[in-house]
Amino acid sequence: MALLKVKFNQKKRVKLAQGLWLMNWFSVFAGILVFSMGLFLKIELRKRSEVMDNSESHFVPNSLILMGILSCAFNGFAGKICYDSLDPAKFAKWKPLLKPYLALCFFFNILIFFVALICFLMRGSLESTLAQGLKNGMKFYRDTDTPGRCFMKKTIDMLQIEFKCCGNSGFKDWFEIQWISNRYLDFSSKEVKDRIKSNVDGRYLVDGVPFSCCNPSSPRPCIQYQVTNNSAHYSYDYQTEELNLWRRGCREALLHYYSSMMSSMGAVVLLVWLFEMSVMVGLRLLHTSLESIANPEDPECESEGWILENSLKDTLKSMLESLKKIGKFNQVEADAEGEEGGKTPAIATVS
């Protein structure tokens, strides 16, 4: 028994073809939207590529761009088929291509669904990429005289100001690295010498943070040095002074920014996938309803359209049998080749 069998007359077939033509062009615009989202996300990731460890995070925008291009191509082609299906003479040339095209549409829709899921599941990979990238970026903060790294100070400062964050996980991350360049240290000062000697790696570490960690909403001047020394400042307790420095780490801020963006894009791609699925189902009904016309010379006669010619169970069973036949055929060929290769020519001996 066919799955989702529907009876059609000429009027219904024409309405279905016209509706699908319109839906396919809506899908083309949806493809342009997906392409634009991928391009926007790629640009946003490129802006902060200096604080990302690798390019794995670009898999999502590249996939969205590819899906957008394929969607425009597939739906533009389907729109042409639906338009030509109104004329039996024009539709005849598309008949041999429709089954392969619908198979391609099926796999394309699987890919769209996969990309939508990836948009929701990339958070873990993105978090590790940001964690390592920010850690490296903070190490290079002081290298304002080193070619290739001189921009890092500006990048980190602008990042912390824009996203209202400080450090990787928090402001205390700055206490563990030397973020002040040796160029601006007075090595004749006893305090500087003592701090460098007290560190095994010979780094100048302070319980201070860059100016970009300061919260402009703080009612008092920003305390960015001796942050954890309550006695160094009047009426100060660093554990309760929440307005003094940004408490949120930049990894959390960037992760929230990108993951919320990807989740929104994933939701849009899911809607596009549902729309594409409905177009594919409609195209299959149109294809089968036109093929099942009993008398091609009488286009006004009734016909039947369906999604699957047999039930889902029977279709899966026939597919498995076909796969088994292919496997057996390959095995027979391999055995035949083995027998031919194993034959040894007879050697005649003359006594």
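Residues numbered from 1 in each chain as written. Predicted model: local features only at pLDDT ≥ 70, side-chain atom pairs only at ≥ 80, totals over all residues. Heavy atoms only, no water.

Student: Which residues make up the overall build of the protein, and what are the values?
Tutor: If you tally the helices and strands in the protein, you get nine helices and two strands. Ordered by position from the N terminus, the helices and strands of the protein form the series β-α-α-α-α-α-α-α-α-β-α. Buried positions account for 40% of the 351 residues belonging to the protein. (Helix = DSSP H or I, 4+ residues; strand = E, 2+ residues; numbered from the N terminus. Buried < 20%, exposed > 50% of the residue type's maximum accessible area, 1.4 Å probe, protein only.)

Student: Can you break down the UniProt feature "transmembrane region" (unreviewed entry) in the protein residue by residue, with the values?
Tutor: Feature annotation in UniProt assigns "transmembrane region" (unreviewed entry) to the following positions: residues 20–41, 101–122 and 255–275. Span residues 20–41 is 100% helix and 0% strand, its end C-alpha atoms 31 Å apart. (UniProt positions renumbered as here; feature names shortened; annotations may be inferred.)

Student: Now, about the packing of aromatic side chains: what can you tell me, with residues and values included?
Tutor: By the definition in use, this model includes twelve aromatic pairs. Between F74 and F108 the ring centres are 5.0 Å apart and the planes differ by 15°, which places this aromatic pair in the stacked class. Here F74, found in helix α2 (residues 59–84), pairs with F108, found in helix α4 (residues 95–121); they are 34 residues apart in sequence, far enough to count as distant. For the pair W174 and W179, a centre-to-centre distance of 6.3 Å together with 75° between the ring planes defines the contact as edge-to-face. For the pair W174 and W179, one class covers both residues: buried. Sitting above the plane of the F140 ring, R149 keeps its charged end 4.0 Å from the centroid. (Phe/Tyr/Trp six-rings, centres within 6.5 Å; stacked < 30°, edge-to-face > 60°. Lys NZ or Arg CZ within 6 Å of the ring centre and 35° of its normal.)

Student: Talk me through the nonpolar core; I want residue IDs and the actual numbers.
Tutor: With 78 residues, the main nonpolar core has L41, V60, L64, F171, W174 and V209 as its most contacted residues. Mapped onto this core, the elements with two or more residues apiece are α1 (10–47), α2, α4, α5 (123–139), α6 (152–163), α7 (190–197) and α8 (250–291). With 15 residues, the single largest contributor to this core is α8. Once you skip the residues sitting within four places of it in the chain, V60 turns out to touch L41, I118, C119, M122 and M262. (Core = buried A, V, L, I, M, F, W, Y, C linked by side-chain atoms within 4.5 Å. Contact = heavy atoms within 4.5 Å.)

Student: Quick rundown of unusual backbone geometry? Include the residues and the values.
Tutor: Even without a glycine there, the phi angle at K164 is positive, about 50°. Inspection of the secondary structure assignment puts K164 in the loop between α6 and α7. Despite not being glycine, Q226 has its phi angle at roughly 50°, a positive value.

Student: Residue-level account of the pattern of salt bridges, with values.
Tutor: In this structure the tally under the stated criterion is twelve salt bridges. Residue D143 is joined to R142 by a salt bridge in which the shortest nitrogen-to-oxygen separation is 3.9 Å. Judged by its relative accessible area of 13%, D143 falls in the buried class. Residues R149 and D143 are paired through a salt bridge, measuring 3.2 Å at the closest nitrogen-oxygen approach. When salt bridges with common partners are traced through the structure, they connect E44, K47, R48 and E162 into a single cluster. (Salt bridge = Lys/Arg side-chain N within 4 Å of Asp/Glu carboxyl O.)

Student: So what's going on with the state of the cysteines? Residues and values would help.
Tutor: By the definition in use, this model includes three disulfides. Covalent S-S linkage joins C165 and C250, the inter-sulfur distance amounting to 2.1 Å. Disulfide C165-C250: the torsion about the S-S bond is 85°, which places it as right-handed. Of this pair, C165 sits in the loop between α6 and α7 while C250 sits in helix α8; the two residues are 85 residues apart in sequence, bridging distant segments of the chain. For C165, a relative accessible area of 0% translates into the label buried. Since its relative accessible area comes to 2%, C250 is described here as buried. Two residues share a disulfide in this structure: C214 and C222, whose sulfurs sit 1.9 Å from each other. One quick way to see it: the torsion about the S-S bond of C214 and C222 is about -75°, and its sign makes the bridge left-handed. You can call C214 buried: its relative accessible area is 16%. (Disulfide = S-S within 2.5 Å.)

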